[in-house]
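# Structural features, examined
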Amino acid sequence: MTNPSKLDARYGRKAKDTRSSRRNIVFASLAGILIVAVWFIWANPLHLGATAVGEVTSETVVDDQHISLTFTVTAEVNRSGACALKAQDLGFNIVGWKVVEFEASDKPTRVITEQVQTIRKAVNGLVADCWLT
């Protein structure tokens, strides 16, 4: 039978250092877990904590430079916040943008109507995002 260490020496292979390779695997795994944990904290994909959610209920094109949006905001009671509204044209290009602040209220749902100024005629408006302040 052949001795594996003699074959390794003959063909220039080095003996495997299992301790350092295991250490590298553990280090790479911990680094991956840390990266995923940091992303979860930053992105908050599960929407943990207090949030505000907005949804457009009606839109009216006023003229070629304005669109009126009525939207509801559901947020934590007695917390103020803001929502970013955007207006889009037929090609889904953003032609208007406005940040609207809302006051604290004892009711969780608020109805807000705002006009968004546009650079071209808009065909729809959306609530891009809402947040608490």
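Before going into details, it helps to say that this report is about the structure given with it. (Residues numbered from 1 in each chain as written. Predicted model: local features only at pLDDT ≥ 70, side-chain atom pairs only at ≥ 80, totals over all residues. Heavy atoms only, no water.)

Time to look at the sheet that holds strand E5 (residues 109-117). Taken in spatial order, the three strands line up as E1-E2-E5 in an open sheet, and their pairing is antiparallel. This sheet does not close on itself; its edge strands, each paired only once, are strand E1 (52-63) and E5. For this sheet, the mean angle separating the axes of adjacent strands, direction not counted, is 20 degrees. (Pairing = 2+ DSSP bridges. Helix = DSSP H or I, 4+ residues; strand = E, 2+ residues; numbered from the N terminus. Axes fitted to C-alpha atoms, helices over the stretch in contact; angles between N-to-C directions.)

Considering all chains together, one arrives at one disulfide under this definition. A sulfur-sulfur separation of 2.0 Å characterises the disulfide bridge that pairs cysteine 83 with cysteine 130. Judged by the sign of its S-S torsion, about 105 degrees, the bond between cysteine 83 and cysteine 130 is right-handed. Residue cysteine 83 is located in strand E3 (residues 81-88), and its partner cysteine 130 is located in strand E6 (residues 124-132); the two are separated by 47 residues in the primary sequence. (Disulfide = S-S within 2.5 Å.)

Here the focus is the side chain of threonine 118. By the secondary structure assignment, threonine 118 is in the loop between E5 and E6. A distance of 3.2 Å separates a polar atom in the side chain of threonine 118 from the backbone oxygen of aspartate 64. Those residues in contact with threonine 118, other than ones at most four positions away along the chain, are Asp64, Gln65, His66, Ile67, Ala87, Val95 and Gly96. (Polar contact = N/O pair within 3.5 Å; in protein donor to acceptor, adjacent residues only side chain to side chain. Contact = heavy atoms within 4.5 Å.)

Right, let's get into the packing of aromatic side chains. Summed over all chains, the structure comprises one aromatic pair. Residues tryptophan 39 and phenylalanine 40 carry aromatic rings whose centres are separated by 5.2 Å and whose planes lie at 90 degrees to one another, so their mutual orientation is edge-to-face. In this structure tryptophan 39 comes out as partly exposed when scored by relative accessible area, which is 42%. Look at phenylalanine 40 and you get partly exposed, because its relative accessible area is 38%. (Phe/Tyr/Trp six-rings, centres within 6.5 Å; stacked < 30°, edge-to-face > 60°. Buried < 20%, exposed > 50% of the residue type's maximum accessible area, 1.4 Å probe, protein only.)

This brings us to the sheet that holds E6. Here three strands make up an open sheet; going across it, the order is E4-E3-E6 and the pairing antiparallel. The open sheet has two edge strands with one neighbour each: strand E4 (94-102) and E6. Strand-to-strand twist in this sheet, taken as the mean axis angle between neighbours without regard to direction, amounts to 20 degrees.

Where a protein is soluble and globular, its nonpolar side chains tend to be buried together. Ranked by size, the top nonpolar core spans 18 residues in total, and within it Phe71, Val73, Cys83, Leu85 and Phe102 carry the most contacts. Contributions of two or more residues to this core are made by strand E2 (66-75), E3, E4, E5 and E6. Looking at this core, the element that brings in the most residues is E2, giving five residues. Setting aside residues up to four positions removed in sequence, leucine 85 forms contacts with Leu69, Phe71, Gly96, Trp97, Lys98, Val100, Glu114, Val116, Leu126 and Val127. (Core = buried A, V, L, I, M, F, W, Y, C linked by side-chain atoms within 4.5 Å.)

Next up on the list: a nonpolar patch on the surface. A cluster of nonpolar side chains, contributed by Val36, Trp39, Phe40, Trp42, Leu46 and Leu48, occupies part of the molecular surface with about 730 Å² of accessible area. When you line up the elements, leucine 46 lands in the loop between helix H2 (18-43) and E1. A residue is classified by how much of its surface remains accessible, and leucine 46, at 59% relative accessible area, is exposed. (Patch = residues over 30% accessible without salt bridge, like charges linked within 9 Å, V, L, I, M, F, W, Y side chains within 5 Å. Areas by Shrake-Rupley, 256 points an atom, 1.4 Å probe, with all protein chains shown as cover. Salt bridge = Lys/Arg side-chain N within 4 Å of Asp/Glu carboxyl O.)

For helix H1 (residues 4-11), the tally of buried residues reaches only zero of eight residues, placing the bulk of the element at the surface. Glycine 12 sits one or two positions beyond H1 and adopts a positive phi of about 80 degrees.

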